[in-house]
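# Summary of the model geometry
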Amino acid sequence: MNHETQSECKLTTTSAEPERTRGGRTYVPAVDILEQGDELLLRADVPGARADDIDIQYERGTLTIAARVAPRGDPHRTWVLREYGVGDFVRTFQVGEGIDAQKISAEVRDGVLTLHLPKAESARTRKITVRGG
Amino acid sequence: MELIPWRNKNRTDLAERSVAQLRDEITSLFDRFFGGPRGFDLGRLTELAPPVEVREGEKDITVRAELPGVRAEDVRIEVTGHLLTIGGEKRAEKDEKRAGYRYSERQYGAFQRMVQLPAEVDADRVEATHQNGVLTIRLPKRPGTEARRVKVRHA
């Protein structure tokens, strides 16, 4: 199961074509997906984006994270070395039915966006006490 | 319960898809070879080396590096002559040890990057800020070392 998820992810990473919202280049942020207790955590590297610049949308099983990144201009300076491009980050995910989409929450810190995706009641692991009798 | 990065469902045409895939593979090959447009470069052997950008003005040099998830106190900056060294550690978030990974693309650990500066700088007046995961270093040039324009006179 895990394996399937991973290969699916890899395929998507390279063929994802986010829309160009402002004409500039958009980038696919690197993400981690992890499971912790009763929620899934999604972490995305979005350097340069502030909380106000991040837009998270959920619609019919599709979760989209979009982070606007302002150009970091330095007037009157010329390029010497440019190893990365600056632009918006966009990535889309498919969310299974086991997630309670109404309760998705997010925070950003040091350019890392963290999304909390709580498991739906039905998908949670329940401990069942066995009573002696 | 699944969380799967999304595939473009509209692109059903097989030929078109394989062309796009090939193009993406070539792009990613190039990116890997030339240091990658995003995140850390895994091509370097021992440590992670973040990609940088360097700009030169009349009076100073600006060096930037994207270091998402790195705290300001974990960044170390050194200037020796024409050489700038950015080092530090990207620590895993606290909860990471207990959590089960399902999918991972982000990198953790020590990183170091050396940058050859285009001019001599005043090491005592170097300033650095780390905001929203972007490190900006301003290095004032040492006065008197700027490039001078030489006028060629008619003989």
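Conventions adopted
- Residues numbered from 1 in each chain as written.
- Chains lettered and ligands numbered in written order.
- Predicted model: local features only at pLDDT ≥ 70, side-chain atom pairs only at ≥ 80, totals over all residues.
- Heavy atoms only, no water.
- Helix = DSSP H or I, 4+ residues; strand = E, 2+ residues; numbered from the N terminus.
- Buried < 20%, exposed > 50% of the residue type's maximum accessible area, 1.4 Å probe, protein only.
- Contact = heavy atoms within 4.5 Å.
- Areas by Shrake-Rupley, 256 points an atom, 1.4 Å probe, with all protein chains shown as cover.
- Pairing = 2+ DSSP bridges.
- Polar contact = N/O pair within 3.5 Å; in protein donor to acceptor, adjacent residues only side chain to side chain.
- Core = buried A, V, L, I, M, F, W, Y, C linked by side-chain atoms within 4.5 Å.

Attention now goes to the overall build of chain B. From N to C terminus, chain B includes one helix and nine strands. Overall, chain B shows an N-to-C arrangement of helices and strands of β-α-β-β-β-β-β-β-β-β. Counting the 155 residues in chain B, one finds 41% classified as buried. A separation threshold of at least 6 residues defines the contact pool for chain B, and within that pool the share at least 24 residues apart is 53%. When the accessible surface of chain B is summed, it comes to about 9,800 Å², and 51% of that surface belongs to carbon and sulfur atoms.

Further remarks concern the pairing of strand S8 (residues 127-131) of chain B. All names here are of chain B. Of the pairings in the sheet, the one linking S8 to strand S9 (residues 134-140) comprises five bridges and is antiparallel in character. The residue bridging Gln-131 from the neighbouring strand is Val-134, located in S9. Two successive antiparallel strands, S8 and S9, enclose a turn made up of two residues, where Asn-132 displays a positive phi of approximately 50°.

In this section: unusual backbone geometry. With a phi close to 50°, Asp-110 of chain A is a non-glycine residue in the positive phi region. Positive phi, close to 50°, is recorded for Asn-132 of chain B, a residue that is not glycine. The residue Asn-132 of chain B is located in the loop between S8 and S9 in this model.

Moving on to the side chain of Arg-64 of chain B. Relative to the helices and strands, Arg-64 of chain B is located in strand S3 (residues 60-66). Side chain to side chain, Arg-64 of chain B and Thr-136 of chain B meet in a polar contact 3.1 Å long. When neighbours within four sequence positions are excluded, Arg-64 of chain B is seen to be in contact with Arg-72, Asp-74 and Tyr-84 of chain A together with Pro-51, Val-52, Glu-53, Arg-55, Val-134, Leu-135, Thr-136 and Arg-138 of chain B.

Looking at the secondary structure, you find Pro-71 of chain A in the loop between strand S5 (62-67) and strand S6 (77-82). Accessibility expressed as a relative area gives 70% for Pro-71 of chain A, which makes it exposed.

Residue and element names in this part refer to chain A. With respect to the helices, strands and loops of the structure, Lys-119 is situated in the segment after strand S9 (112-118). Taking relative accessible area as the criterion, Lys-119 reaches 4% and is therefore assigned buried. Of note is the side chain of Lys-119, whose polar atom sits 3.0 Å from the backbone oxygen of Gly-37.

Looking now at the nonpolar core. Residues Leu-42, Val-46, Leu-63, Leu-113, Leu-115 and Leu-117 of chain A are the most contacted members of the largest nonpolar core, which totals 21 residues. Among the elements of the structure, strand S2 (31-36), strand S3 (39-45), S5, strand S7 (88-95) and S9 of chain A are those that each provide at least two residues to this core. Among all residues touching Leu-63 of chain A, those that are not within four sequence positions of it are Leu-42, Ile-56, Gln-57, Tyr-58, Arg-91, Thr-92, Phe-93, Val-95, Ile-104, Leu-115 and Leu-117 of chain A. Within the second largest apolar cluster, 19 residues are counted, among which are Val-54, Leu-67, Val-115 and Leu-117 of chain B.

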